[in-house]
Amino acid sequence: MSQRTEERLPDGSPTTGPGAPTRRLTRRERKRRDNAEERTRIKEPRSDRIFLFFVYLLLAVFLAIVALPLIYILASSFSSPEAVSAGRVTLWPVDFSLRGYEAVLGNSQVIQGYVNSLIYTVAGTVVSVVLTIAIAYPLSRRTFAGRNVFMSVILFTMLFTGGLVPTYLVVQSLGMLDTRWALIIPQAVGVWQVIIARTYFRTAIPDELEEAAQLDGCSDLRFLWSIVIPLAKPMIAVVALMYAILQWNSYFDALIYLKSPDLFPLQLVLRNILILNTYSGGGQDASVVMERQQLADLLKYSLIVVASVPVLVIYPFVARFFTKGIMIGAVKG
Amino acid sequence: MHTLQPPAPVTTAKPRGRQRPKLSLRRSLRRHWQLYLLIIPPMVYFLVFKYIPMSNAVLAFKNYNVVQGIWGSDWVGWLNFEAFFSNPVFWSLVKNTFLLSFYTVIASFPIAVILALALNEVRQGFFRKTVQLVTYAPYFISTVVVVSMIILMLSPRLGIISRGLGFFGVDQPDLLGNPDYFRHIYVWSDVWQTAGYSAVIYLAALAGIDQSLYEAAKVDGASRIRKIIHVDLPGIMPTAVIILVLAVGNIMAIGFEKAFLLQNNLNLGQSEIIATYVYKTGLLNADFSLATAVGLFNSVINLLLLVFVNMIAKRVTGNGLWS
């Protein structure tokens, strides 16, 4: 087996698979190995190297297209109000200032929204994770009769829904309108997350383990609590993060179910300020009005950054797990 | 209806050793009563928030009256549907919904595949990790923020796009106010947001391709391009088919959130889709019955599309969502 194939391993380990050296090679040894490889491997034709060049070019273009808008927003948020309004900012802050962030932090609506979003995210995630485990674990047990029926009942909701108004009427009749419950309960369980959790339980908890525990007189709930959940921590973390991010980013439920502004989550506050332009400005003096207008422009950029930072800061650390989650959910059996 | 198969991997279903006999329901109940107790709350959730709304959809055939409630209101047969079909906005709603979704599928599918194939050619390293991390990131940004970014960047007064065009001496048209641009803005911003995320699925499929195929290709002297055409593309076909089926099955359920946020009075001609119309008639104008009828129409079309596309996919490629 040649070195070339080893590089293609998805985990990207630079080692050479079975029999890999456990210690690091010295420089000389590495050189000798590389030379040997150079002699034996089929040489890459020039057309391939040209092709590879275009691949890198293409990826660089992709990278730029995705990154530039983000950099632009970030640069604007750290610029002065005048520079932003005059359109002088491109990819680096102009007249560095923190006025935008001061304005964001001084806005009581934003602070209230932030606090509300934290509440919804924490409470919603706890409820969602508990319910997801409660349904996914039984469905993962082979000795649980009727699990296919239950699973079909759940999967069908992915294909067909009652629709907006019928759902709204249910929430209304439960008296949840304009309460915090409306943001936590109606969207509590995601079918996708149930599938991920069930698959994990199925593969990570062998039936033999459960049988053994049962012979020792361990009840199902006890087994779930003291064996399954500790073993499933990585999966629970992934599912919890999926729910948390969904909850943090959602605004539509708040839009239809909430009326009181002091219950609004951050995303709805954002919509009101950023999209509906309802940043209240007072003052009759022309220069004051203009200053306010400039500050309102700047505030938008800073607000975008402030609202996205929690998610984007967490994400590089969890991206790996998310990838695994997508794969579990996407691969069909 | 076909019987549904869970779209999750059944990797553990491989017969290992002896097959355990299935328990009868009664024995299972006695042995696992705690698990049955455990599953009650989430099943109640599905019943209340998914199945009761489905039964509430009978509203579509009634004239909803608050006092009499859903079941007490008078039956009106197909009247609500007839009202919707004869409404002049009907065709434009269907057309807008369909075109917007179809365009999204057509645009994002190949780009995600190309991104995955390109990433797959690059060795594991700093560049590859950077590209993946950055292209994946926008997926985590909320719809509200993405739409705000679009509005800020496209605004003729402040936007960086208009300045870029101004540099070349071109005046920027009012992109958000002109209905002709709405679809392009919607679709390409969607591609921007989701391409990296979608590529991950194809990367996973590529990683699962049998290494000996690559070695065989190499021995046969295949170039990188040939290797992509003859090994990579066939390798990701099953995954691609599933993703396409799901995407087409969702074609009528296109994201309400983004279309609604990007809407303004000027681009309404192309941005009004079925979902936004349901929201407006149902919750803003409180015409519950009509809105339910429209929503039901949407769900049914959706389901039919999914079944139909799945049937075609199975016939053509042998892959489908369910057997």
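Residues numbered from 1 in each chain as written. Chains lettered and ligands numbered in written order. Predicted model: local features only at pLDDT ≥ 70, side-chain atom pairs only at ≥ 80, totals over all residues. Heavy atoms only, no water.

## Structural notes on the pattern of salt bridges
To keep it simple, the criterion reads: Any carboxyl oxygen of Asp or Glu within 4 Å of a side-chain nitrogen of Lys or Arg constitutes a salt bridge here. Helix numbers and strand numbers start at the N terminus; a helix is a DSSP run of H or I with at least 4 residues, a strand a run of E with at least 2. Relative accessibility thresholds used throughout: buried, under 20% of the residue-type maximum; exposed, over 50%; partly exposed, between the two (1.4 Å probe, protein chains only).
Taken as a whole and assessed by the stated rule, the structure comprises seven salt bridges over all chains. A:Asp207 is the partner of A:Arg142 in a salt bridge, and the nearest nitrogen-oxygen pair spans 3.3 Å. Here the residue A:Arg142 occupies a position in the loop between α6 (108–140) and α7 (147–159), and A:Asp207 occupies one in helix α11 (residues 207–215), the gap between them amounting to 65 residues. The exposure class assigned to A:Arg142 is partly exposed, which follows from its relative accessible area of 26%. Between B:Arg224 and B:Glu121 there is a salt bridge, with the nearest N and O atoms lying 2.7 Å from each other. With B:Arg224 in helix α11 (residues 224–249) and B:Glu121 in helix α5 (residues 89–121), the pair connects residues that are 103 residues apart, well separated along the chain. Take B:Arg224: its relative accessible area is 10%, and that puts it in the buried class. Take B:Glu121: its relative accessible area is 4%, and that puts it in the buried class. The structure contains a network of salt bridges with shared partners spanning A:Arg141, A:Arg142, A:Asp207 and A:Glu210.

## Things to note about the UniProt feature "transmembrane region" (unreviewed entry) in chain B
All names here are of chain B. Defined as follows: UniProt positions are given in the numbering used here, feature names are shortened, and annotations may be inferred rather than shown by experiment.
UniProt records the feature "transmembrane region" (unreviewed entry) for residues 33–52, 98–119, 131–154, 195–214, 235–256 and 288–313 in the present numbering. Span residues 98–119 is 100% helix and 0% strand, its end C-alpha atoms 32 Å apart. Taken end to end, residues 131–154 has its terminal C-alpha atoms 25 Å apart, with 75% of it in helix and 0% in strand.

## Points about the layout of surface pockets
For the record, the criterion: For cavity detection a 1 Å grid was placed over the protein atoms alone, and a set of points counts as a cavity when a 1.4 Å probe fits there but cannot get out; an open set counts as a pocket when protein lies on both sides within 12 Å along at least five of seven lines, with lining residues being those that have an atom within 4 Å of a point. Grid points are joined across faces, edges and corners, and a volume is the space filled by probe spheres set on the points. Only Asp, Glu, Lys and Arg are considered charged in this grouping, and only Ala, Val, Leu, Ile, Met, Phe, Trp, Tyr, Cys and Pro are considered nonpolar; every other residue, Gly among them, is considered polar.
Reported here for the second largest pocket is a volume of approximately 780 Å³. Lining the second largest pocket are 29 residues, with A:Ile65, A:Pro69, B:Met153, B:Trp188 and B:Trp192 positioned closest to its centre. When contributions to the lining of the second largest pocket are tallied by element, the ones reaching two or more residues are α3 (46–77) of chain A together with α5, α7 (143–154), α8 (160–167) and α9 (179–207) of chain B. Along the lines of polarity and charge, the residues of the lining of the second largest pocket split into 26 nonpolar, three polar and no charged.

## Observations regarding the environment of B:Ile225
All names here are of chain B. Among the structural elements, Ile 225 can be located in helix α11. By relative accessible area, which is 41% here, Ile 225 ends up partly exposed. Ile 225 sits 93 residues away from Gln 132 along the chain, and the two C-alpha atoms are 22 Å apart.

## Considerations on a positive patch on the surface
All names here are of chain B. Applied cut-off: Only residues whose relative accessible area exceeds 30% and that form no salt bridge enter a patch; like-charged residues are grouped when within 9 Å of one another, and nonpolar side chains (Val, Leu, Ile, Met, Phe, Trp, Tyr) when within 5 Å. The Shrake-Rupley method, run with a 1.4 Å probe, gives the accessible areas here. Residue values count only the displayed protein chains as cover. Residues counted as positive are Lys and Arg, residues counted as negative are Asp and Glu, and His and the chain ends are not counted. Here the site of a charge means atom NZ of a Lys, CZ of an Arg, CG of an Asp or CD of a Glu.
On the surface, a cluster of positive charge is made up of Arg 26, Arg 27, Arg 30 and Arg 31. Mapped onto the fold, Arg 27 is located in helix α1 (residues 25–31). The partly exposed category is assigned to Arg 27, whose relative accessible area is 49%.

## Observations regarding helix α8 (residues 164–173) of chain A
The test is simple: Residue contacts are defined here by distance: any two heavy atoms, one from each residue, within 4.5 Å place the two residues in contact.
Counting buried positions over the ten residues of α8(A) gives eight, a clear majority of the element. Of the positions making up α8(A), those classed as buried are A:Leu164, A:Val165, A:Pro166, A:Thr167, A:Tyr168, A:Leu169, A:Val170 and A:Val171. Check the buried side of α8(A) and you find it contacts α9 (181–184) and α14 (252–257) of chain A together with α2 (33–56), α3 (69–72), α14 (274–284) and α15 (288–317) of chain B. Taken from the residues just after α8(A), A:Gly175 is the one with a positive phi, measuring 70 degrees.

## Comments concerning the side chain of A:Ser79
Residues and elements named next belong to chain A. To keep it simple, the criterion reads: In protein, a polar contact requires one atom able to donate a hydrogen and another able to accept it; more generally it is a pair of N or O atoms within 3.5 Å, and residues adjacent in sequence count only if both atoms are side-chain atoms.
For Ser 79, the location among the structural elements is in the loop between α3 and α4 (81–86). In this structure the side chain of Ser 79 is engaged in a polar contact, spanning 2.9 Å, whose partner is the backbone oxygen of Ala 75. Sequence-distant contacts of Ser 79, defined by excluding residues within four places in its chain, comprise Val 84, Val 89, Pro 93, Val 94, Asp 95, Ser 97 and Leu 298.

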